[in-house]
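# Remarks on the overall topology
Given next are the chains, with one letter for each unit.
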Amino acid sequence: MVAVHVLNGPNLNLLGTREPATYGAVTLAGVEERLSRKAEAAGVALTFRQTNSEGELVSFVQEAGLGGAGIIINAGAYTHTSVALRDAIKGVDALAIEVHISNVHAREDFRHHSYMAPVCVGVICGFGVASYELAFDAIVPLMEKRARTAA
Ligand code: DQA
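Residues numbered from 1 in each chain as written. Predicted model: local features only at pLDDT ≥ 70, side-chain atom pairs only at ≥ 80, totals over all residues. Heavy atoms only, no water.

Next up on the list: the sheet that holds strand 1 (residues 3-8). The parallel open sheet is built from 5 strands, whose spatial order is 2-1-3-4-5. Only two strands of the sheet have a single neighbouring strand rather than two, namely strand 2 (45-50) and strand 5 (122-125). Direction aside, the axes of adjacent strands within the sheet are offset by 20° on average. (Pairing = 2+ DSSP bridges. Helix = DSSP H or I, 4+ residues; strand = E, 2+ residues; numbered from the N terminus. Axes fitted to C-alpha atoms, helices over the stretch in contact; angles between N-to-C directions.)

So, about the packing of aromatic side chains. Taken as a whole and judged by the stated rule, the model has 0 aromatic pairs. When the ring centre of Phe60 is taken as reference, the NZ or CZ atom of Arg49 above it lies at 4.1 Å. (Phe/Tyr/Trp six-rings, centres within 6.5 Å; stacked < 30°, edge-to-face > 60°. Lys NZ or Arg CZ within 6 Å of the ring centre and 35° of its normal.)

Turning our eyes to something else, we now look at the environment of Gly128. When you line up the elements, Gly128 lands in the loop between strand 5 and helix 5 (130-150). On the basis of relative accessible area, Gly128 is assigned to the partly exposed category, the value being 23%. Residues Gly128 and Val26, 102 residues apart in the sequence, show an inter-C-alpha distance of 9.2 Å. Those residues in contact with Gly128 that sit more than four places away from it in its chain are His100 and Ile101. (Buried < 20%, exposed > 50% of the residue type's maximum accessible area, 1.4 Å probe, protein only. Contact = heavy atoms within 4.5 Å.)

With that settled, the discussion passes to the pairing of strand 3 (residues 70-74). Most of strand 3 is tucked away, with 5 of its 5 residues classed as buried. Where burial is concerned, the two faces of strand 3 agree: the one with Gly70, Ile72 and Asn74 and the one with Ile71 and Ile73 are both buried. In this sheet, strand 3 lies alongside strand 1 in parallel orientation, the contact comprising 5 bridges. The partner of Asn8 across the bridge, within strand 3, is Asn74.

It is worth spelling out the site of the ligand at this point. In the neighbourhood of the ligand, the contacting residues comprise Arg18, Tyr23, Asn74, Gly76, Ala77, His80, His100, Ile101, Ser102, Val104 and Arg111. One of the side-chain N or O atoms of His100 is found 2.7 Å from an oxygen atom in the ligand. Contact between the ligand and Ile101: an oxygen atom at 2.8 Å from a main-chain N or O atom of the residue. Expressed as a share of its isolated accessible area of 320 Å², the protein-covered part of the ligand is 99%. Residue composition of the shell around the ligand, grouped by class: 4 nonpolar, 5 polar and 2 charged. (Near = heavy atom within 4 Å. Polar contact = N/O pair within 3.5 Å; in protein donor to acceptor, adjacent residues only side chain to side chain. Areas by Shrake-Rupley, 256 points an atom, 1.4 Å probe, with all protein chains shown as cover. Nonpolar A, V, L, I, M, F, W, Y, C, P; charged D, E, K, R; others polar.)

Further remarks concern the nonpolar core. In this structure, Leu15, Ile72, Tyr132 and Ile139 are the most contacted members of the largest nonpolar core, which totals 25 residues. Breaking this core down by element, the ones donating at least two residues are strand 1, helix 2 (28-42), strand 4 (96-100) and helix 5. It is helix 5 that provides the largest number of residues to this core, a total of 6 residues. Non-local contacts of Ile139, meaning those with residues more than four positions away in its chain, are made with Val4, Gly70, Ile71, Ile72, Leu95 and Ile97. Core analysis: the next-biggest nonpolar cluster, separate from the first, contains 20 residues, Ile73, Leu85, Val92 and Cys120 among them. (Core = buried A, V, L, I, M, F, W, Y, C linked by side-chain atoms within 4.5 Å.)

Glancing now at helix 2. Count 3.6 residues to each turn of an α-helix, and residues three or four apart come out pointing the same way. Given a rise of 1.5 Å per residue, 15 residues ought to cover 21 Å, and the 21 Å separating the end C-alpha atoms of helix 2 matches this to within 8%. Those residues of helix 2 that sit buried are Leu28, Gly30, Val31, Leu35 and Ala39. The secondary structure elements touched by the buried residues of helix 2 are strand 1, strand 2 and helix 5. (Expected span 1.5 Å × (residues − 1).)

This is how it looks when you write it as structure tokens:
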């Protein structure tokens, strides 16, 4: 069975009340509910996590990658600062998709650079919380392909 871990970084626990003009009104629990429905329909084992701590996010990445799960990661501000996260994705050879709710390229310059993007298969940003669902639709066939190749 394909497994996907959806990993959320700092301040994403505030989704729904944090800067709603930028991030919308859906809560993180709402995102989890939408993805759980999709995962159930697709027969995918879904793990959904959030942490405000960089080290814990690194551990989540390692755990997912070493367990053979695909990763959908919204690392929040750590996207733009964390070499450790980039090294974790690369270090466990994880198949990862970077997501952002907002279009980071239409925002401040410091949000235009991602340390993780070069070690991810792709980046989805700017579609609101639908970015997570688009990433889910993208990662499932990639994980199925990876499983077939490994068999
Ligand atoms: C974000 C964009 C980041 O720049 C920001 O620090 C966040 C959220 C997004 O989902 O749009 O915390 O990752």
